Amino acid sequence: MKILVHSCCAPCSVYPLKRLKGHFNDIEFLFYNPNIHPYTEYKLRLDALKQFTKDESLILHIPEEYDLNPFFRAVVFNVTARCHYCYDLRLSSCAKFAQENGFEAFTTTLLYSTYQNHEHIIKLAEKYADQYNLQFYYEDFRQGWQHGIDESIERNMYRQKYCGCLYSEQERFDNRWKKRQIKLLKAQKS
Ligand code: SF4
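This one's a predicted model, so the numbers in the text were calculated from it and none came from an experiment. Residue indices follow the written sequence of each chain, beginning from 1 at its first position. Local features in this predicted model are restricted to residues whose pLDDT is 70 or higher, and side-chain atom pairs enter the listing and the counts only when it is 80 or higher, whereas totals over whole chains, interfaces and linings include all residues. Note that water and hydrogens are dropped before the side-chain values are worked out from all heavy atoms of the structure.

Draft legend 1. The arrangement of the packing of helix 4 (residues 82-100) against helix 5 (residues 118-131) in detail. One can describe the packing of helix 4 onto helix 5 by two numbers: an axis separation of 9 Å at closest approach and a directional angle of 35 degrees. As for how helix 4 packs across helix 5, the hand of that crossing is right-handed. Contact residues: helix 4 offers His84, Tyr87, Asp88, Leu91, Ser92 and Ala95, while helix 5 offers His120, Ile121, Leu124, Ala125, Lys127 and Tyr128. When residues are sorted by character, Ala, Val, Leu, Ile, Met, Phe, Trp, Tyr, Cys and Pro go into the nonpolar class, Asp, Glu, Lys and Arg into the charged class, and all the rest, Gly among them, into the polar class. In the contact of helix 4 with helix 5, the residues fall into 7 nonpolar, 3 polar and 2 charged. Where helices are involved, their axes are fitted lines through C-alpha atoms of the stretch in contact, as for all axes, and angles between N-to-C directions lie from 0 to 180°. Each helix is a run of DSSP H or I of at least 4 residues and each strand a run of E of at least 2, with the numbering of both proceeding from the N terminus. Take the far helix as your reference; a near helix turned counterclockwise from it by less than a right angle gives a left-handed crossing, and one turned clockwise gives a right-handed crossing. By definition in these notes, contact holds between two residues if any of their heavy atoms fall within 4.5 Å.

Draft legend 2. Structural detail: unusual backbone geometry. Here the residue pair His37 and Pro38 is connected by a cis peptide bond, since its omega of -10 degrees sits within 30 degrees of zero. In this structure, Pro38 sits in the loop between strand 2 (26-30) and helix 2 (39-55). Of note, the phi angle at Asn133 is positive, near 55 degrees, even though the residue is not glycine. Its location among the elements puts Asn133 in the loop between helix 5 and strand 5 (135-136). Each residue gets one of three labels from its accessible area relative to the maximum for its type: buried under 20%, exposed over 50%, partly exposed in between, using a 1.4 Å probe on protein chains only. Note on Asn133: relative accessible area 70%, which makes it exposed. Of note, the phi angle at Asn156 is positive, near 60 degrees, even though the residue is not glycine. By the secondary structure assignment, Asn156 is in the loop between helix 6 (145-154) and helix 7 (166-173).

Draft legend 3. Quick look at the site of the ligand. Think of it this way: one heavy atom of a residue within 4 Å of a molecule or strand is enough to make that residue near it. All residues adjacent to the ligand are Asn35, Arg82, Cys83, Cys86, Tyr87, Arg90, Gln116, Cys163, Gly164, Cys165 and Ser168. Site definitions follow a grid-based scheme: protein atoms alone, a 1 Å grid, a 1.4 Å probe that fits but cannot get out for cavities, and for pockets an open set with protein on both sides within 12 Å along at least five of seven lines, plus lining residues having an atom within 4 Å of a point. For a molecule to be placed in a cavity or pocket, more than half of its atoms must lie within 2 Å of the grid points of that cavity or pocket. Spatially, the ligand is embedded in the largest pocket. Top element by residues in the shell around the ligand is helix 4. It accounts for 5 residues. Considered class by class, the residues forming the shell around the ligand number 5 nonpolar, 4 polar and 2 charged.

Draft legend 4. Spatial organisation of the layout of surface pockets. Grid points are joined across faces, edges and corners, and a volume is the space filled by probe spheres set on the points. For the largest pocket, the calculated volume is near 750 Å³. Ser113, Tyr115, Gln116, Tyr162 and Cys163 are the residues nearest the centre of the largest pocket, which is lined by 32 residues in total. Residues that form the lining of the largest pocket fall into these classes: 17 nonpolar, 8 polar and 7 charged. In this structure, the second largest pocket spans a volume of roughly 160 Å³. If you go around the second largest pocket, the residues you meet are Leu30, Tyr32, His61, Ile62, Pro63, Ser93, Lys96, Phe97 and Glu100. No other element matches the 4 residues that helix 4 contributes to the lining of the second largest pocket. Here the lining of the second largest pocket is composed, by residue class, of 5 nonpolar, 2 polar and 2 charged.

Okay, structure coming up:
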């Protein structure tokens, strides 16, 4: 069976690939991540994945368009719920690409991250698997969290310091932003 792996970056791909090799003999990767900003950071992560897929002798698909505008159009009026739109955009594009290019199954390295909303990713992936008549390969890749970290360091991969979007970059480095977000969430709940 031919599977397309949506990859968010090289370090998050190490463990999933190890697992997928045990189940599939035809594996290709797709880097579709318009959520990574600024563009120089996008390029750093893409270059690291190019090196990784080259080392592993895998085909890496890279869309011509960066799609920055669709990303911001989707999230700008709902920043606190932005991850939903972010997953949706990436998974729907991956499933569409998989169907158009003769893949039978797809999965995503987002299932490796302990920082992402795992259940939500599963729901969306299942939805798009149905829509595009594909199999969604699910495995809880978070089991290999430490393994992926250790191996990516050993292999001297570029390791990012924040999730991807400009909002997450500010969240990571700016305490004022964090306080404002907590206030906002509290106000929404009350
Ligand atoms: S925090 Fe991460 S998952 Fe959420 S919108 Fe930003 S890049 Fe996407």
